[in-house]
Amino acid sequence: MNLELFIAKRLITGKEHKISISAPIIKIAIAAIAIGVIMMLIAIATGVGLKQKIREKIAAFNGHIQISNYDNNTSEVSLFPISIHQDFYPEFKNVEGVRHVQAVATKGGIIRTEDTFEGMLAKGVGTDYDWNVFQEYIVDGRLPDYSGKLNDEVLISRMMANRLQLGVGDTFFSFFLKDGDASKVPNNRRFNIVGIYDSGFEEFDATYVFVDIRHIQRMNKWEDDEIGNFEVFLDDFDQLEAKSNEIYGKTVSSLDTQNIKTKYYRIFEWLGLFDFNIALIIGIMIIVGGINMITALLVLILERTQMIGILKALGSANWSIRKVFLYNAAYLIAIGLFWGNLIGLGVIFLQDKYRMFKFPNPEEYYIEYIPVHIDIPTVVLLNLGVMFLCLLMLLVPSYIITKITPVKAIQFE
């Protein structure tokens, strides 16, 4: 029989426990733990959710890793073609963790309407393009279909459509320079809008128009098996740096690789600050909860001074008596964790399902609503960490029990 646990249970379930002086202080301590857990869960869920959503949007337009000619490194436009006949295409069998490889090409141009004009970057895609990552960004119309013969279907952003006053079903003319020479008559193409997307990423929405890659091949006078660059998608984003180096070693010397962390380093530096913010919030909440529990424990010890003296008179060791109060504290922490998890996870679930909370300035966060993401291992680890650290903090104040003498404690009023 665990005597310390038995005594702790009697203290918890006794009626005098609920009407004692320490009752309101204990409730405040439990509330502090619960609020702390809620704040930590929300901080983790929103921080991780926002990072993942922004990474997904950048990858949707660029892939995780781009393979291109060295001559194309400083330009968004495909300057020199690459043969599509590569060992890693259409499947990168030499590198594990690669989910998909697709061939694309880009070309700068101008959209001209009767009233206005707009610069654009035409991104040519083919039948191998993975539209799944784009499906959630479609706000009107449908995705273009390039599986058949060459067609004029395009997908443009809502931002560009609003500027040009165009909609689904409208057509527009676009002009592209021949070989970058402004003195030559430009290439003219007539496109039909079949879909409008809105990623919330202004840097991309203001530029990209998705077209059939065969248009770019013809304008650049490339062969059917020549493309601008390859986009590689990975299964695990955390392996980006390692896989980028591995892919670089698996490609021929005339090709270079660049990952999105390098290409958009400023955005990813900003995202890296989220980890610091999350750690700071967790640290503050644990300290606040621990201080409240220390206060509650000291009040409990003071309130049970006579009981401590009797137990010592009966021969109980100091550590044995300390364990009684630590068990009691662990129970109170567990109650706080229960309510904190119930409320915190409930709010996260509702936000994920109904998107109730939105950013007041979505253009700064590249998304309208606050995204959330959390997994079971994170929740379990967080709860175990809070319980362990709070109990660790309580070891010091529980030491006061060793200073209580039986004679004075029994006479204590």
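Structure's up top.
Here's what I pulled together on the structure shown here. Note that the coordinates shown come from a computational prediction; the quantities given were computed from them, not determined experimentally. (Residues numbered from 1 in each chain as written. Predicted model: local features only at pLDDT ≥ 70, side-chain atom pairs only at ≥ 80, totals over all residues. Heavy atoms only, no water.)

**Describing the overall build of the protein**
Then comes step 1: Secondary structure summary: the protein contains 14 helices and 12 strands in total.
Then comes step 2: In the protein, which comprises 413 residues, the share counted as buried stands at 48%.
Then comes step 3: Accessible surface, the protein as shown: approximately 21300 Å² in total, 59% of it carbon and sulfur.
Then comes step 4: The distance from the centre of the 39 positive side-chain charges to the centre of the 46 negative ones in the protein is 11 Å. (Helix = DSSP H or I, 4+ residues; strand = E, 2+ residues; numbered from the N terminus. Buried < 20%, exposed > 50% of the residue type's maximum accessible area, 1.4 Å probe, protein only. Areas by Shrake-Rupley, 256 points an atom, 1.4 Å probe, with all protein chains shown as cover. Lys, Arg positive; Asp, Glu negative; His and termini not counted. Charge placed at Lys NZ, Arg CZ, Asp CG, Glu CD.)

**With respect to helix 3 (residues 23-62)**
Then comes step 1: Spanning 40 residues, helix 3 covers 58 Å between terminal C-alpha atoms, matching the ideal 58 Å at 1.5 Å per step.
Then comes step 2: For helix 3, the tally of buried residues reaches 28 of 40 residues, placing the bulk of the element in the interior.
Then comes step 3: Where helix 3 ends, the next residue or the one after it, Gly-63, has phi of about 75°, a positive value. (Expected span 1.5 Å × (residues − 1).)

**Concerning helix 10 (residues 305-313)**
Then comes step 1: By the burial criterion, the buried members of helix 10 are Thr-305, Met-307, Ile-308, Gly-309, Leu-311 and Lys-312.
Then comes step 2: One or two residues past the end of helix 10 sits Gly-315, with phi positive at roughly 105°.

**Structural notes on the nonpolar core**
Then comes step 1: Judged by nonpolar contacts, the single largest core of 72 residues is most densely connected at Ile-58, Trp-131, Phe-134, Tyr-197, Phe-210 and Phe-230.
Then comes step 2: Formed by 42 residues, the second largest nonpolar core is a distinct cluster that contains Leu-11, Leu-297, Ile-333 and Ile-348. (Core = buried A, V, L, I, M, F, W, Y, C linked by side-chain atoms within 4.5 Å.)

**Quick notes on the layout of surface pockets**
Rolled over the atoms, a probe sized like a water molecule indicates the empty space that remains.
Then comes step 1: Considered as a void within the structure, the largest pocket measures approximately 450 Å³ in volume.
Then comes step 2: For the lining of the largest pocket, the secondary structure elements donating two or more residues are helix 3, helix 4 (158-164), helix 5 (202-205) and helix 12 (362-365).
Then comes step 3: Residues belonging to the lining of the largest pocket are distributed by class as follows: seven nonpolar, three polar and 10 charged. (1 Å grid on protein atoms, 1.4 Å probe; cavity = no way out; pocket = protein on both sides within 12 Å on 5 of 7 lines; lining within 4 Å. Points joined across faces, edges and corners; volume = space filled by probe spheres on them. Nonpolar A, V, L, I, M, F, W, Y, C, P; charged D, E, K, R; others polar.)

**Points about the packing of helix 3 against helix 9 (residues 265-303)**
Then comes step 1: Relative to each other, helix 3 and helix 9 sit at 170°, their axes nearing to 8 Å. Classified by the interaxial angle, the pair formed by helix 3 and helix 9 is roughly antiparallel. (Axes fitted to C-alpha atoms, helices over the stretch in contact; angles between N-to-C directions. Parallel < 35°, antiparallel > 145°, perpendicular 65-115°, else oblique.)

**What to know about the environment of Asp-375**
Then comes step 1: Along the chain, Asp-375 falls in the loop between helix 12 and helix 13 (376-398).
Then comes step 2: Along the chain, Asp-375 and Phe-388 lie 13 residues apart, while their C-alpha atoms are 20 Å from each other.
Then comes step 3: Within the structure, Asp-375 has its side chain in polar contact with the side chain of Thr-378 (distance 2.4 Å). (Polar contact = N/O pair within 3.5 Å; in protein donor to acceptor, adjacent residues only side chain to side chain.)

**Comments concerning unusual backbone geometry**
Then comes step 1: Cis geometry marks the peptide bond from Tyr-89 to Pro-90, where omega comes out at 5°.
Then comes step 2: Phi is positive for Gln-165, which is not a glycine, with a value near 55°.
Then comes step 3: For Gln-165, a relative accessible area of 65% translates into the label exposed.
Then comes step 4: If you check the backbone angles, Lys-221 has positive phi at about 60° while not being a glycine.
Then comes step 5: Tracing the backbone through its elements, the reader meets Lys-221 in the loop between helix 6 (213-219) and strand 10 (226-227).
Then comes step 6: A relative accessible area of 71% places Lys-221 in the exposed class.

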